[in-house]
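For reference, the chains in residue letters:
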Amino acid sequence: MKFTIAVDGPAAAGKGTIAKALAAHFGFAHLDTGLLYRAVGVQALHDGRGVIDTAWAGELARRFTEADMQRTDLRTARAGQAASKVAALPEVRSALLEFQKRFARREGGAVLDGRDIGTVICPAAEAKLFVTAADTVRAERRRAELPGSPELATVLADLRARDARDAERDVAPMVAAEDALLLDTTDLSINAAVAQAIAHVQERLQGGG
Ligand code: C5P
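I will try to describe carefully the structure that is included in this document. (Residues numbered from 1 in each chain as written. Predicted model: local features only at pLDDT ≥ 70, side-chain atom pairs only at ≥ 80, totals over all residues. Heavy atoms only, no water.)

This next bit is on the pattern of salt bridges. Per the stated rule, a full pass over the model turns up 13 salt bridges. Between D116 and R93 there is a salt bridge, with its nearest N and O atoms 3.0 Å apart. Highlighted residues: D116 in the loop between strand 3 (110-114) and helix 6 (117-121) and R93 in helix 5 (residues 90-104), separated in sequence by 23 residues. For the pair shown, D116 and R93 are each scored as buried. When salt bridges with common partners are traced through the structure, they connect E59, R62 and R63 into a single cluster. (Salt bridge = Lys/Arg side-chain N within 4 Å of Asp/Glu carboxyl O. Helix = DSSP H or I, 4+ residues; strand = E, 2+ residues; numbered from the N terminus. Buried < 20%, exposed > 50% of the residue type's maximum accessible area, 1.4 Å probe, protein only.)

Shown next as structure tokens:
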């Protein structure tokens, strides 16, 4: 059985939590596609050649393997910023396309969360969600996850910079697919958001429109 759930949206809106809960509920495999861009971004930084060196970042993306996602330094704000820079490069996106497409169509069902899953990676996904929330609420949530209690204003500025870069880039900009269920989690508990997401996917699994 092949069934793809695409979960897109900006950082810290809850899409990772929702994607994981959907995967657990339906017994599907889960891929956090942000980790691919984070892995390439961090390697580009570590190699000291700058994340905007198009050719080098493209080469790193072509060399990408699943093991790169196991690095322990991918969840930092620095990795997030580096990811959103390399993610704007067409060479990087095209090198990472095949891995994601294959994952999406694997046997047994797949949940992918990211920015362009429902629009570019898997436009034919059987179920699509676009998860969003007010940026101030997202900044609060992200701050709680980050080590060292950073200033809220710093976290908010970081999120806004990434949102702008992700939404304004030429290739695969972050945008809700027309047929995605919009889930605004600003005033929703995580349990309520997950329940709505499960109900939507259940309907799609049963062939509902
Ligand atoms: O989701 P996460 O915050 O880990 O993503 C890090 C960055 O990777 C995003 O800001 C975005 O620039 C990029 N990304 C992307 N497309 C995806 C997933 C992530 O461009 N499908």
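Attention shifts here to the site of the ligand. Neighbouring residues of the ligand: 15 residues in total, closest R38, R93, R162, D166 and R169. At a separation of 3.0 Å, a nitrogen atom of the ligand approaches a polar side-chain atom of D116. A distance of 2.9 Å separates an oxygen atom of the ligand from a polar atom in the side chain of R169. Elements that contribute at least two residues to the shell around the ligand include exactly helix 2 (34-46), helix 4 (77-86) and helix 8 (152-168). The element contributing the most residues to the shell around the ligand is helix 2, with three residues. (Near = heavy atom within 4 Å. Polar contact = N/O pair within 3.5 Å; in protein donor to acceptor, adjacent residues only side chain to side chain.)

The subject of this paragraph is the packing of aromatic side chains. Counted according to the given criterion, the structure contains three aromatic pairs. Aromatic pair F3 and F28: ring centres 5.9 Å apart, planes at 50 degrees, arrangement tilted. With F3 in the segment before strand 1 (4-8) and F28 in the loop between helix 1 (15-26) and strand 2 (29-32), the pair connects residues that are 25 residues apart, well separated along the chain. By relative accessible area, F28 is classed as buried at 9%. A centroid spacing of 5.3 Å and a plane angle of 75 degrees characterise the contact between F64 and F99, whose relative ring orientation is edge-to-face. Residue F64 is found in the loop between helix 3 (54-62) and helix 4, and its partner F99 is found in helix 5; the two are separated by 35 residues along the sequence. Each member of the pair F64 and F99 is classed as buried. Members of the aromatic cluster, connected to one another through ring pairs, are F3, F26 and F28. For the cation-ring pair, R106 lies above F103, with the distance from its terminal atom to the ring centre recorded as 4.5 Å. (Phe/Tyr/Trp six-rings, centres within 6.5 Å; stacked < 30°, edge-to-face > 60°. Lys NZ or Arg CZ within 6 Å of the ring centre and 35° of its normal.)

Another point: the packing of helix 3 against helix 5. Closest axis-to-axis distance for the helix 3/helix 5 pair is 8 Å, and the angle between their directions is 5 degrees. Overall, the two elements helix 3 and helix 5 adopt an arrangement that is roughly parallel. Residue-level inspection shows T54, A57, G58, A61 and R62 of helix 3 in contact with helix 5, the latter providing E91, V92, A95 and L96. Looking at the contact of helix 3 with helix 5 residue by residue, the classes come out as five nonpolar, two polar and two charged. (Axes fitted to C-alpha atoms, helices over the stretch in contact; angles between N-to-C directions. Parallel < 35°, antiparallel > 145°, perpendicular 65-115°, else oblique. Contact = heavy atoms within 4.5 Å. Nonpolar A, V, L, I, M, F, W, Y, C, P; charged D, E, K, R; others polar.)

The next thing to look at is the pairing of strand 3. Every regular strand shows the same layout, with side chains that alternate between the two sheet faces. Counting buried residues along strand 3, five of its five residues qualify, which places the element largely inside the surrounding structure. Across the two faces of strand 3 the burial is the same, with A110, L112 and G114 and V111 and D113 all buried. Relative to strand 3, strand 1 runs parallel, the two sharing five bridges. When the sheet's bridge partners are listed, V7 is paired in strand 3 with D113. Pairing of strand 2 with strand 3 involves four bridges; the strand directions are parallel. When the bridges of strand 3 are listed, D32 appears paired with D113. (Pairing = 2+ DSSP bridges.)

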